[in-house]
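Survey of secondary and tertiary structure
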Amino acid sequence: MHLQTAVKNGINNGENCMKDYKNNPFPLSTPEEQGIPSAAIIHFLDRIRENDLELHSLQVVRNGKLCINTVVAPFTFDSFHRIFSAAKGVVATAVLFAVQDGYFDLNDLVVPLLPAEWIPENLNEKWSRLTIYHLLTMTAGHDQDSLFLKMWGKSDCWIKSFFEYEPVYEPGTHFCYDMGAQYVLNELIRNKVGLDTGRYLDSRLFRKLNIAYTANYTEPEGLFFSSSIQFHLDTLTKLAQFYLQKGVWNGERLLREDLALLIGRHHVPSFHYDPKGISGQIGSWDGYGLHVWCNRCGGFSIRGGQGQVGMVIPPMNMVIGLHCSATNYQDLLDILAETIIGESFYYPVKEDPLCAKRAQYMLDTLNLAPYNVSSYSQLAQKIHNVVYDFEDNVIGLKHLSFSFDTNHVTIHAVDSTSDKTISCGIDGEWLENHCGYILNTNDPRNIANLDRIFGYDVQATLCSGGWSRANTFKFYIRSHSLLSDYRYECEFYENNVFLKIPYNAIMPRSKYKKRADAPDIYIMGKHKEEI
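What comes next concerns the included structure. (Residues numbered from 1 in each chain as written. Predicted model: local features only at pLDDT ≥ 70, side-chain atom pairs only at ≥ 80, totals over all residues. Heavy atoms only, no water.)

**Let's talk about helix 7 (residues 197-206)**
One full turn of an α-helix is made of 3.6 residues, so residues set three or four places apart face in the same direction. With seven of 10 residues buried, helix 7 is to be regarded as a mostly interior element. Of the residues making up helix 7, those classed as buried are Thr197, Gly198, Tyr200, Leu201, Asp202, Leu205 and Phe206. Contacts made by the buried residues of helix 7 are with helix 2 (87-100), helix 6 (181-193), strand 5 (213-215), strand 6 (229-232) and helix 8 (235-244). Between a side-chain oxygen at the N-terminus of helix 7 and the backbone nitrogen of Gly198 the separation is 3.0 Å; the capping residue is Asp196. (Buried < 20%, exposed > 50% of the residue type's maximum accessible area, 1.4 Å probe, protein only. Helix = DSSP H or I, 4+ residues; strand = E, 2+ residues; numbered from the N terminus. Contact = heavy atoms within 4.5 Å. Polar contact = N/O pair within 3.5 Å; in protein donor to acceptor, adjacent residues only side chain to side chain.)

If you want it as structure tokens, here you go:
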């Protein structure tokens with residue numbers, strides 16, 4: 001995939017987010033015309049920044065009109081993005097189309113629909129009563145998630161392993177968020193329809209909605225792995241609007257109304273699933289639909305890890321599409337509920353011109369580059385091309401130097417295994433490099449799949465930085481192949497440099513839910529002449 005050489009000022013080529021959204025299927029509107037004060041947008045963005053939550057995109061469609069729209073640089077409207085467990089809503093959508101097309105019914109028994117070789121010989125008798133509906137409502141009968149406990153990295157046949165894992169409960173009686181259920185559903189679709197979930201929906205729905213997707217990872221049998229599916233940043237918004245419109249798109253009915261309404265109803269309680277909140281699933285008390293979570297404000301959400309959300313809110317005639325990289329994304333949804341949702345009116349409101357201008361400017365200039373930094377410091381000339389030497393340290397760094405130009409900074413790092421030079425943009429500009437990462441012990445080729453965006457060059461990185469104080473240069477390194485970033489800070493003092501290393505450069509990012517909870521990791525380098 002092509003990576004942009006530079007993305008500046010938080011928007012693609014400096015254009016307005018609304019105007020630059022070339023494949024927009026929605027009429028445009030001001031937020032105020034749809035009852036959303038611009039102040040609510042400002043409050044949302046301010047609190048996102050205050051809480052250090054990494055937002056990648058936000059779209060709000062109300063009354064069928066797009067009134068809030070932003071993609072945060074270096075992401076663009078054409079970027080592909082992981083959706084994680086929001087893929088369950090995609091799988092449920094495929095199941096509903098298969099029901100409409102007559103391939104099976106929600107109350108059909110599952111075991112007779114699967115190949116015999118995938119069914120254990122000593123099958124527990126409870127499985128003989130398992131239906132498609134039970135899989136969709138996460139009431140199959142397991143008391144723990146089967147995907148990570150029995151399937152992922154532990155099985156050559158995931159479907160067989162799902163059934164080998166003994167059910168504790170009678171199907172349909174106990175909710176347990178069981179990620180293995182979606183893979184059984186994927187194979188039901190493939191066996192009955194003759195196409196995997198992605199190809200089936202491509203022919204029945206995606207092309208109608210102008211949705212592109214990639215699926216770059218398969219389970220051990222080489223079958224469709226729905227959790228790896230990737231979409232452009234407007235897809236969850238479109239899917240949410242499709243369901244808000246009860247299965248209609250551009251005036252054409254694509255899915256029966258009764259089926260479209262069925263997905264988001266409160267089918268089962270989920271409050272007993274995770275009373276201590278140890279699973280990482282948010283909203284566990286709000287009830288569950290067909291592979292979607294119910295909203296406390298009404299409606300439902302197609303929702304996945306780290307903050308991938310397509311929210312349907314029928315009482316407000318509103319949908320929200322959201323992408324982020326936040327292990328603590330409950331905070332993000334709480335902020336959304338308290339600002340854009342909570343501050344909205346049922347009717348149009350008067351626009352405050354200054355407030356509206358500021359909100360639009362904030363949306364148009366959102367950037368994941370270091371915030372509130374300067375492109376210049378008098379110190380730059382003094383430390384230009386100075387080489388700092390490091391003793392043994394956690395990242396194996398031996399030498400580090402900076403060269404400061406008018407529009408970029410060159411960073412040269414030598415460690416025990418490599419000698420690399422990267423270009424760092426300033427003023428919010430991201431510059432592309434092709435030598436891989438620096439100051440990092442994690443090999444991007446082996447990084448956890450939960451942080452990977454598939455299909456991009458893992459050695460192509462982007463860097464942007466600036467002076468946060470007169471003696472402190474801050475720079476971030478990220479890639480289109482990763483959801484997260486690496487944040488570095490160099491504090492220059494006399495002939496020394498104190499390099500602050502992000503914790504995820506030496507340990508898994510998931511170790512801490514909030515960056516602020518992670519320990520500060522510093523190493524010190526000395527001017528070569530002083531050693």
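Having put the structure on the table, let's press on.
**Some details on the nonpolar core**
Formed by 131 residues in total, the largest nonpolar core has its most connected members in Leu135 and Phe163. Ignoring anything within four residues of it in the chain, the contact list for Leu135 reads Val110, Leu130, Ala140, Phe162, Ala181, Val184, Leu185, Leu188 and His291. Among the nonpolar cores identified, the runner-up in size contains 39 residues, and Leu379, Phe404, Ile411 and Ile523 belong to it. (Core = buried A, V, L, I, M, F, W, Y, C linked by side-chain atoms within 4.5 Å.)

**Here we look at the pattern of salt bridges**
Under the definition given, this model contains 23 salt bridges. Here Arg515 makes a salt bridge to Asp485, at a shortest N to O gap of 2.9 Å. Of the two residues, Arg515 is situated in the loop between strand 21 (496-501) and strand 22 (521-527) and Asp485 in strand 20 (residues 485-493); the sequence distance between them amounts to 30 residues. The closest approach of N and O atoms between Asp520 and Lys500, which form a salt bridge, is 3.4 Å. Here Asp520 is found in the loop between strand 21 and strand 22, whereas its partner Lys500 is found in strand 21, with 20 residues between them in sequence. (Salt bridge = Lys/Arg side-chain N within 4 Å of Asp/Glu carboxyl O.)

**Description of the layout of surface pockets**
In this structure, the second largest pocket encloses a volume near 720 Å³. As for the second largest pocket, its lining consists of 30 residues, and the residues nearest its centre are Asp52, Lys474, Tyr476, Arg487 and Arg515. Those elements that provide at least two residues to the lining of the second largest pocket are helix 1 (38-50), strand 19 (472-478), strand 20 and strand 21. Taken together, the residues of the lining of the second largest pocket sort by class into 19 nonpolar, two polar and nine charged. (1 Å grid on protein atoms, 1.4 Å probe; cavity = no way out; pocket = protein on both sides within 12 Å on 5 of 7 lines; lining within 4 Å. Points joined across faces, edges and corners; volume = space filled by probe spheres on them. Nonpolar A, V, L, I, M, F, W, Y, C, P; charged D, E, K, R; others polar.)

**Considering helix 1**
With 13 residues, helix 1 extends 18 Å from end C-alpha to end C-alpha; this agrees with the ideal 18 Å at 1.5 Å per step. Listed in full, the buried residues belonging to helix 1 are Ser38, Ala40, Ile41, Ile42, Phe44, Leu45 and Ile48. Where the residues of helix 1 are buried, they touch strand 2 (55-62), strand 3 (65-71), helix 10 (329-341) and helix 11 (353-364). The positive-phi residue at the C-terminal boundary of helix 1 is Asp52, with phi of around 55°. (Expected span 1.5 Å × (residues − 1).)

**Remarks on the pairing of strand 16 (residues 419-425)**
As defined by bridge partners, strand 15 (residues 408-415) adjoins strand 16 across seven bridges and the pair is classed as antiparallel. Directly across from His412, in strand 16, lies its bridge partner Thr421. Hairpin geometry of strand 15 and strand 16 is characterised by an intervening segment of three residues between the two adjacent antiparallel strands. (Pairing = 2+ DSSP bridges.)

**Focus on the state of the cysteines**
Using the criterion set out here, one finds zero disulfides in the structure. Residue Cys355 stays outside any disulfide, its sulfur separated by 15 Å from that of Cys67, the closest cysteine. Of the residues examined, Cys355 reaches a relative accessible area of 19% and is grouped as buried. Here Cys490 stays free of any disulfide, with the sulfur of Cys424 as its closest cysteine sulfur at 10 Å. (Disulfide = S-S within 2.5 Å.)

**Looking at the side chain of Lys238**
Residue placement: Lys238 occurs in helix 8. At a separation of 3.0 Å, a polar atom in the side chain of Lys238 contacts the main-chain carbonyl oxygen of Asn210. Every residue in contact with Lys238, bar those within four places of it in the chain, is listed here: Tyr21, Asn23, Pro25, Leu209, Asn210, Ile211 and Trp249.

**Here's the deal with a nonpolar patch on the surface**
Taken together, the side chains of Phe345, Tyr346 and Tyr347 present a nonpolar region at the surface, about 400 Å² in accessible area. Considering the arrangement of structural elements, one finds Tyr346 in the loop between helix 10 and helix 11. (Patch = residues over 30% accessible without salt bridge, like charges linked within 9 Å, V, L, I, M, F, W, Y side chains within 5 Å. Areas by Shrake-Rupley, 256 points an atom, 1.4 Å probe, with all protein chains shown as cover.)

**Some details on the sheet that holds strand 2**
Spatially, 3-2-12-11-10-9 is the arrangement adopted by the six strands of the open sheet, whose pairing is antiparallel. With partners counted over all chains shown, the strands left at the sheet margins are strand 3 and strand 9 (293-294), one partner each.

**Brief notes about the packing of helix 2 against helix 7**
Where helix 2 meets helix 7, the closest approach of the two axes is 10 Å, and the angle between their N-to-C directions is 65°. Between helix 2 and helix 7, the interaxial angle falls into the category roughly perpendicular. When the axes of helix 2 and helix 7 are compared, the crossing they make is left-handed. Where helix 2 abuts helix 7, its residues Val90, Val91, Thr93, Ala94, Phe97, Ala98 and Gln100 lie against Thr197, Tyr200, Leu201, Arg204, Leu205 and Phe206. Class assignment of the residues belonging to the contact of helix 2 with helix 7 gives a composition of nine nonpolar, three polar and one charged. (Axes fitted to C-alpha atoms, helices over the stretch in contact; angles between N-to-C directions. Parallel < 35°, antiparallel > 145°, perpendicular 65-115°, else oblique. Left-handed = near helix turned anticlockwise from the far one by under 90°.)

**A word on the sheet that holds strand 6**
Read from one edge to the other, the open sheet built from three strands follows the order 4-6-5, with strand pairing classed as antiparallel. Since the sheet does not close on itself, it has two edges, and those belong to strand 4 (80-82) and strand 5, each with one partner. If you compare each strand with its neighbour and ignore which way they point, the axes differ by 30° on average. As paired elements, strand 4 and strand 6 share three bridges and run antiparallel to each other. Bridging from a neighbouring strand, Arg82 pairs with Gln230 of strand 6.

**What about the packing of helix 1 against helix 10?**
Closest axis-to-axis distance for the helix 1/helix 10 pair is 8 Å, and the angle between their directions is 160°. Taken together, the axis directions place helix 1 and helix 10 in an arrangement best described as roughly antiparallel. Between helix 1 and helix 10 lies a crossing whose hand is right-handed. Mapping the contact onto sequence places Ala40, Ile41, His43, Phe44, Arg47 and Ile48 in helix 1 and Leu332, Ile335, Leu336, Glu338, Thr339 and Ile340 in helix 10.

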